[in-house]
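Observations on chain architecture
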Amino acid sequence: MKAVVVYSSKTGFTKKYAEWIAEDLSLEAYDLEESDNLKEVLSGVDTLIFGGGLYAIGINGLKKLLNENQTKSISNIFVFCTGLSLRSVEVQREIFKNNLKDVEKNNVRLYYYRGGFDFQKLSLIDQLLMRMLKLKIQWKKKKGPLSSDEKGMLAVFHRKVDFTDRNLIRELVDMKSL
Ligand SMILES: Cc1cc2nc3c(=O)[nH]c(=O)nc-3n(C[C@H](O)[C@H](O)[C@H](O)COP(=O)(O)O)c2cc1C
């Protein structure tokens, strides 16, 4: 059995979970963007744990990873993602529908954890996208009530928030099949 943790993290929240998972399972955690030897990292792996931040409901880095030939033969894939949305069955279902519905594997499991927000660490493009989203939400606020996610987004915009919680990884690290 060979297992690895691979992650893609723009502002560090997913990285934190990836390192916790790797530590608890005594595995290596590899940064997808910095691994120039990804083929080597994935070679002979039968259990892959991948984590990415949520950006407009897409899991950052997931497509890139699944496009790697080596992932096609991996029998167990655990995907975790981090975002600002509150955790709920509906949110998890929506994330699955948007990211994993068409993956031709029936053994992919998805976990959603709350991450955080750090505007200063975002790239200029992501900062711009966030400013546009903020304007959209502010405009919507004038017309009617906002969802809890929208309210949350407005509340955190100008400060760093960190909702990471190590307890959330328990279910994943306690998986009997790992
Ligand atoms: C442009 C942008 C879009 C985002 N879209 C979502 C989203 O659709 N759902 C969500 O829950 N969080 C969303 N977030 C919040 C990030 O997913 C959250 O900050 C995450 O923890 C970042 O992880 P990372 O730092 O590891 O990349 C978004 C953040 C940015 C900047």
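It should be emphasised that the depicted structure is a prediction, and the values quoted were computed from it without experimental measurement.

1. Side note on the overall build of the protein chain
From N to C terminus, the protein chain includes seven helices and eight strands. Taking 178 residues into account, the globule formula puts the C-alpha radius of gyration at 16 Å, and the protein chain, at 17 Å, falls close to it. In terms of principal-axis extent, the alpha carbons of the protein chain reach across some 55 × 30 × 30 Å. Counting the 178 residues in the protein chain, one finds 44% classified as buried. Of the contacts formed within the protein chain by residues at least 6 apart in sequence, a portion of 76% connects residues at least 24 apart. Total accessible area on the protein chain stands at roughly 10300 Å², and carbon and sulfur atoms take up 51% of it.

2. A look at the site of the ligand
Around the ligand sit 21 residues in total, of which S9, T11, T14, L54 and G116 are the nearest. Side-chain polar atom of Y55 to an oxygen atom of the ligand: 2.6 Å apart, as the coordinates give it. Within the backbone of L84, an N or O atom sits 3.0 Å from an oxygen atom of the ligand. Coverage of the ligand by the protein chains reaches 93% of its 650 Å² of free accessible surface. Elements supplying a minimum of two residues to the shell around the ligand: α1 (13-25), β3 (47-55), β5 (76-83) and α5 (124-143). Ranked by residues supplied to the shell around the ligand, first place goes to β3 with three residues.

3. With respect to the environment of L84
Along the chain, L84 turns up in the loop between β5 and α4 (89-99). Note: C-alpha distance between L84 and G152 (68 residues apart in sequence) is 7.9 Å. When sequence neighbours within four positions are dropped, the list of residues in contact with L84 reads Y112, R114, G116, F117, M153, V156, V161 and F163.

4. Structural notes on the packing of aromatic side chains
Throughout the structure, instances matching the rule amount to six aromatic pairs. Ring geometry for F119 versus F157: centroids 5.2 Å apart, planes at 50°, classification tilted. Taken together, the positions of F119 in the loop between β7 (116-117) and α5 and F157 in the loop between α6 (148-156) and β8 (161-162) put the pair 38 residues apart, joining distant regions of the chain. In this structure, F119 and F157 share a single accessibility class: buried. The positively charged end of K10 is found above the aromatic ring belonging to Y55, 4.3 Å away from the centroid.

Reading guide: rules and limits
Residues numbered from 1 in each chain as written. Predicted model: local features only at pLDDT ≥ 70, side-chain atom pairs only at ≥ 80, totals over all residues. Heavy atoms only, no water. Helix = DSSP H or I, 4+ residues; strand = E, 2+ residues; numbered from the N terminus. Rg over C-alpha atoms; globule rule 2.2 N^0.38 Å. Buried < 20%, exposed > 50% of the residue type's maximum accessible area, 1.4 Å probe, protein only. Contact = heavy atoms within 4.5 Å. Areas by Shrake-Rupley, 256 points an atom, 1.4 Å probe, with all protein chains shown as cover. Near = heavy atom within 4 Å. Polar contact = N/O pair within 3.5 Å; in protein donor to acceptor, adjacent residues only side chain to side chain. Phe/Tyr/Trp six-rings, centres within 6.5 Å; stacked < 30°, edge-to-face > 60°. Lys NZ or Arg CZ within 6 Å of the ring centre and 35° of its normal.

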